[in-house]
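Structural description and commentary
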Amino acid sequence: MDSLIEKLRISSRDVHQQIEQTILLKGLVTGNIDVTQYRMLIQTMYTMCSDFYQYFQHNLHQTPFAQFIPHACRLNELREDLLLLGQTDIYTPKPLVNFKHQPETALGAMYVLLGAANGAQYLTHAIDKNHHEEIREARHFFTKHGDARLVIWADFVEKLSNNVLSDEQQSNIVASAIKTFCFITNKLKDAIEVHYG
Ligand code: HEM
């Protein structure tokens, strides 16, 4: 029988591919992204990660997963990148109304945000080659963990597998991960639509 992490990987394969195809992320990989679009990407990640930070604090604060909240959200790095991109607006987090207040739902979302750092190494190479200096410099969100990423990720996966969970709880985690991927994909698409109409 598949472990929870395997179930998460298999079930989110399609939605991961969909997120990679969004204009902003595709542009980042191909180098076909301008500073306005890159700022849009970082701003969207910042508002979303701020909302998730509050949500994780509420739902995971007394669990072994609380330690991963700053790693999953990387808010300081997002703020630093926004400043470098000339964006100084302060954002007040909003409640995530479509996400249930229960640890399993929060864990599914945490898998997605923390796991996103796994692809960041790949994205960093693409950012290095970008011809806009502003973009090359405002990349702390993607480089934050460096080599520590693997240790943090292994710790998260271990804690996930040590947690005794019923089939129903595991299904809730997987469903929440898929929902989180779709939620982020839609936010990235909305950002483009709001800007270009
Ligand atoms: C163009 C954008 C992206 C690319 C090219 C990309 C690429 C990758 C790659 C290569 C891995 C595997 C890394 C490894 O095993 O060491 C990975 C893992 C992962 N990515 Fe992405 N990624 C992208 C965007 C995202 C985004 C926006 C999210 C979520 C917000 C995300 C969530 C994940 C997750 C959860 C994993 C971990 C899967 C696992 O090992 O269980 N990725 N990504």
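Scroll up a little and you will see the structure.
Here's a quick rundown of the structure. Since this is a predicted model, take the numbers as computed values, not measurements.

From N to C terminus, the chain includes 11 helices and zero strands. Listed by position from the N terminus, the elements making up the chain come as α-α-α-α-α-α-α-α-α-α-α. For 197 residues, the compact-globule formula gives about 16 Å, and the C-alpha radius of gyration of the chain, at 16 Å, lands near that figure. In terms of principal-axis extent, the alpha carbons of the chain reach across some 50 × 30 × 30 Å. Nonlocal contacts in the chain, meaning residues at least 24 apart in sequence, comprise 83% of its contacts between residues at least 6 apart.

Interaxial distance between helix α4 (residues 35–60) and helix α6 (residues 75–84) falls to 10 Å at its minimum, and their mutual angle equals 150°. Of the possible angle classes, the one that applies to α4 and α6 is roughly antiparallel. Relative to α6, α4 is oriented so that their crossing is left-handed. The segment α4 lies against α6, with I42, Q43, M45, Y46, C49, S50 and Y53 engaging L75, L78, D81 and L82. In terms of residue class, the contact of α4 with α6 is made up of eight nonpolar, two polar and one charged.

Taken together, the neighbourhood of the ligand is formed by 18 residues, with L25, G115, A116, N118 and G119 sitting nearest. Looking at the shell around the ligand, the elements with two or more residues in it are α1 (4–11), α2 (13–20), α3 (23–30) and α7 (103–128). The dominant element in the shell around the ligand, judged by the number of residues it contributes, is α7, at nine residues. The residue inventory of the shell around the ligand, partitioned by class, reads 12 nonpolar, four polar and two charged.

Let us look at the nonpolar core. Membership of the largest hydrophobic core comes to 47 residues, with the highest contact counts inside it found for I42, F52, M110 and L113. Counting only elements with at least two residues in this core, the list comes to α4, α5 (69–73), α6, α7, α9 (140–143), α10 (148–162) and α11 (167–196). The element that contributes the greatest number of residues to this core is α4, accounting for 12 residues. Ignoring sequence-local partners within four residues, the contact set of L113 consists of C49, F52, A72 and C73.

Glancing now at unusual backbone geometry. The residue R74 is not glycine, and still its phi comes out positive at about 45°. Relative to the assigned elements, R74 resides in the loop between α5 and α6.

This brings us to the environment of D128. Looking at the element boundaries, D128 is found in helix α7. A C-alpha to C-alpha distance of 21 Å links D128 and Y46, two positions 82 residues apart in sequence.

Our next topic: α11. Spanning 30 residues, α11 covers 44 Å between terminal C-alpha atoms, matching the ideal 44 Å at 1.5 Å per step. Taken as a whole, α11 has its buried residues at Q170, I173, S176, A177, T180, F181, I184 and A191. The elements touched by buried residues of α11 are α1, α2, α3, α4 and α7. Residue G197 follows α11 closely and has a positive phi angle near 75°.

The rules behind these values
Residues numbered from 1 in each chain as written. Predicted model: local features only at pLDDT ≥ 70, side-chain atom pairs only at ≥ 80, totals over all residues. Helix = DSSP H or I, 4+ residues; strand = E, 2+ residues; numbered from the N terminus. Rg over C-alpha atoms; globule rule 2.2 N^0.38 Å. Contact = placed C-beta atoms within 7 Å. Axes fitted to C-alpha atoms, helices over the stretch in contact; angles between N-to-C directions. Parallel < 35°, antiparallel > 145°, perpendicular 65-115°, else oblique. Left-handed = near helix turned anticlockwise from the far one by under 90°. Nonpolar A, V, L, I, M, F, W, Y, C, P; charged D, E, K, R; others polar. Near = placed C-beta within 6 Å. Core = buried A, V, L, I, M, F, W, Y, C linked by C-beta atoms within 7 Å. Buried ≥ 20, exposed ≤ 12 C-beta atoms within 10 Å, placed from the backbone. Expected span 1.5 Å × (residues − 1).

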